[in-house]
Amino acid sequence: MALPRELEATFSPEEVEFLAGNEYTDIVPLETMDQLPLVSATIPIMKPPRKCRVPLWLALELKRQHRARIVPPEWLDLSNLQSLQEQEMEIDMFSKMPFRWLETGHLLLKACPDDIEDVEEVRRILLTIREARQSKARAGLEAVNEVQLALDNLGAMEINEIRPLFRETMNRMRKIVQVSEEE
Amino acid sequence: MDYYDIDGILSENQKVPCTCNVSIPGLGHEGREVPAGSKVELPFWLAEVLAVNSFVSIHMPIPFSSVVRNALKASPTSVSLRDICTNYYHFAENMLHVISDEQLAQLTLDTLRKRSLVIADGALNPQGALQQNSDFINGLDDFEKYLLRTAHSTHRSLTHWHNSTSY
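Residues numbered from 1 in each chain as written. Chains lettered and ligands numbered in written order. Predicted model: local features only at pLDDT ≥ 70, side-chain atom pairs only at ≥ 80, totals over all residues. Heavy atoms only, no water.

### Some points on the overall build of chain A
Per the secondary structure count, chain A includes seven helices and five strands. From first element to last, N terminus to C terminus, chain A shows the α and β order α-α-β-β-β-β-α-β-α-α-α-α. For chain A, the C-alpha atoms occupy an extent of roughly 70 × 45 × 25 Å along the three principal directions. Across the 183 residues of chain A, 47% fall into the buried class. (Helix = DSSP H or I, 4+ residues; strand = E, 2+ residues; numbered from the N terminus. Buried < 20%, exposed > 50% of the residue type's maximum accessible area, 1.4 Å probe, protein only.)

### Observations concerning the overall build of chain B
Assigned secondary structure in chain B consists of nine helices and three strands. The order of α-helices and β-strands along chain B, N terminus first, is α-β-β-α-β-α-α-α-α-α-α-α. The C-alpha atoms of chain B give a radius of gyration of 20 Å, which is well past the 15 Å a tight globule of 167 residues would have. Its C-alpha atoms give chain B principal-axis dimensions of about 75 × 35 × 30 Å. Sequence separation of at least 24 residues holds for 66% of the intrachain contacts in chain B that already meet a minimum separation of 6. (Rg over C-alpha atoms; globule rule 2.2 N^0.38 Å. Contact = heavy atoms within 4.5 Å.)

### Points about the UniProt feature "domain: DNA replication complex GINS protein PSF3 N-terminal" (unreviewed entry) in chain B
UniProt annotation of "domain: DNA replication complex GINS protein PSF3 N-terminal" (unreviewed entry) refers to residues 4-52 of chain B when read in the numbering used here. The span residues 4-52 of chain B is 31% helix and 22% strand, and its two end C-alpha atoms sit 22 Å from each other. (UniProt positions renumbered as here; feature names shortened; annotations may be inferred.)

### Quick word on the interface of chain A and chain B
Between chain A and chain B, the residue contacts involve 39 residues of the former and 34 residues of the latter. Interface of chain A and chain B: buried area, both sides summed, is about 3500 Å²; carbon and sulfur atoms make up 68% of it. Linking chain A with chain B are five residue pairs in polar contact (both at pLDDT 80 or more). Contributing elements (two or more residues each) for the side of chain A that touches chain B: helix 1 (5-9), helix 2 (13-20), helix 3 (56-64), helix 5 (101-111), helix 6 (119-140) and helix 7 (156-182) of chain A. Examining the composition of the side of chain A that touches chain B, we find that 15 residues originate from one element, helix 7 of chain A, more than from any other. The residue makeup of the side of chain A that touches chain B, split by class, is 14 nonpolar, seven polar and 18 charged. (Buried area = accessible area lost by both parts, 1.4 Å probe. Polar contact = N/O pair within 3.5 Å; in protein donor to acceptor, adjacent residues only side chain to side chain. Nonpolar A, V, L, I, M, F, W, Y, C, P; charged D, E, K, R; others polar.)

### Observations regarding the sheet that holds strand 1 (residues 24-29) of chain A
Residue and element names in this part refer to chain A. The strand order across the open sheet formed by three strands is 4-1-5, and the pairing between neighbours is antiparallel. Two strands in the sheet have a free side with no partner beyond their single neighbour: strand 4 (52-55) and strand 5 (68-71). Averaged over all adjacent pairs, the angle separating strand axes in this sheet is 45°, with direction ignored. Note that strand 1 and strand 4 share four bridges and pair antiparallel. Each residue of the ladder has a partner; that of Ile27, found in strand 4, is Cys52. Where helix 3 meets the sheet, it contacts strand 1, strand 4 and strand 5, and its direction lies at approximately 105° from that of strand 4. (Pairing = 2+ DSSP bridges. Axes fitted to C-alpha atoms, helices over the stretch in contact; angles between N-to-C directions.)

### Re the confidence of the model for chain B
Predicted coordinates in regions of low pLDDT should not be interpreted in detail. Residues and elements named next belong to chain B. In the predicted model, chain B carries a mean pLDDT of 85, and 97% of its residues have values of at least 70. Confidence scores differ between elements of chain B, with helix 7 (residues 126-132) showing the lowest mean pLDDT of 78 and helix 3 (residues 66-74) the highest of 90. Interface confidence for the predicted complex, expressed as ipTM, amounts to 0.84; the pTM equals 0.84. (pLDDT = per-residue confidence, 0-100.)

### Some words on unusual backbone geometry
Cis geometry is adopted by the peptide bond preceding Pro49 of chain A, which originates at Pro48 of chain A and carries an omega value of -5°. Among the secondary structure elements, Pro49 of chain A is positioned in the loop between strand 3 (42-43) and strand 4. Not every positive phi belongs to a glycine, and His66 of chain A is a case in point at roughly 60°. With respect to the helices, strands and loops of the structure, His66 of chain A is situated in the loop between helix 3 and strand 5. What makes His66 of chain A exposed here is its relative accessible area of 64%. Notably, Ser54 of chain B is not glycine yet its phi reads approximately 60°, a positive angle.

### As for helix 9 (residues 142-163) of chain B
Counted at 1.5 Å a residue, the expected span for helix 9 of chain B with its 22 residues is 32 Å, and the 32 Å between its end C-alpha atoms agrees. All buried positions along helix 9 of chain B are accounted for by Phe143, Glu144, Tyr146, Leu147, Leu148, Thr150, Ala151, Ser153, Thr154, His155, Leu158 and Trp161 of chain B. (Expected span 1.5 Å × (residues − 1).)

### Brief notes about the sheet that holds strand 3 (residues 56-58) of chain B
Residue and element names in this part refer to chain B. Reading across the sheet, the three strands line up as 2-1-3 and stay open at both edges, with antiparallel pairing between neighbours. The open sheet has two edge strands, strand 2 (39-43) and strand 3, and neither has a second partner. For this sheet the average axis-to-axis angle between neighbouring strands, irrespective of direction, equals 45°. Sheet topology note: the strand 1 (residues 15-20)/strand 3 ladder contains three bridges and is antiparallel. Counterpart to Cys20 in the pairing with strand 3 is Val56.

### Thoughts on helix 5 (residues 88-98) of chain B
Most of helix 5 of chain B sits out of view: nine of its 11 residues are buried. If you check which residues of helix 5 of chain B are buried, you get Tyr88, Tyr89, His90, Phe91, Ala92, Glu93, Asn94, Met95 and Leu96 of chain B.

### Focus: the packing of aromatic side chains
Applying the stated criterion across every chain yields a total of five aromatic pairs over all chains. Between Phe64 of chain B and Phe91 of chain B the ring centres are 5.4 Å apart and the planes differ by 20°, which places this aromatic pair in the stacked class. One end of the pair, Phe64 of chain B, is in the loop between strand 3 and helix 3; the other, Phe91 of chain B, is in helix 5, and 27 residues separate them in sequence. The same class applies to Phe64 of chain B and to Phe91 of chain B, which are both buried. Through a chain of ring-to-ring contacts, the aromatic side chains of Phe44, Phe64, Tyr88, Tyr89, Phe91 and Phe143 of chain B assemble into a single cluster. Between Lys136 of chain A and the ring centre of Phe94 of chain A, over which it is positioned, the NZ or CZ distance is 6.0 Å. (Phe/Tyr/Trp six-rings, centres within 6.5 Å; stacked < 30°, edge-to-face > 60°. Lys NZ or Arg CZ within 6 Å of the ring centre and 35° of its normal.)

Written out as structure tokens, the structure reads:
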């Protein structure tokens, strides 16, 4: 299948976001709902006000239909984010963020801002963390050689962003080294 | 895949200086014979085949002369690679097949590394980069231009996704 040139090298952000929808989140249902036998798991009977653990895509859909409220994940609360932000500013390496933090944060901020405390502050902090990591990633490109590049704790979306540039550069370097070692 | 790679084919068109070890018929002007010992400039695809059979010896072409090498060693980001050779990295790969030169390989790797940093920066804002750094952007060879284009399009789709509020 012929892909457009941009998609040949990497996923589109929408695809990465789609993959993030499979992570589990807590919701508080607003009405009673029957159990849902799905392919990968059976969603149990949902009775308010008991919390229920469902995949993110289902949580977003129920929220949109006003049948549930989403409980933000533990890492998305203000004090945790503030300490993560400080950590990000202090050290040169990437701080330990959840693997899909950028796309999950984006989805939740878009879909349920009313369920998150201090949502504007959270939005601002996420943006700051993202910019700090972006500049670190650019600086990390300096260490690239043809064998490996170690950038620990990068999120899924950030890896996706860097992938084309790194891949092409590393490929080209690998070819040059391969050819010069042949003799 | 490398056989059909258009950039590879184009890069093989680069002329290299050679000395004929034997006299070669048909190579000269209007099909005349070229006497042994004379210097000719042949496209790489021809020179490689002839050199494998020892009919010619290939000399170091201009893109890899010591003048260019010193310039690249001193400041890789201020050299205009395009003026030297439109497909520098491909051509380096081709030459390294024939000539074994560890220093050249190392130099090419370092050049690529340093220049890709500037390219990554430029990809975030090509308009601004063009105004500030137009010599560098105009001096990128084909591979680096491709890097710039892909890096920019990934960045653009990411920003577009990030700013989208529709749900």
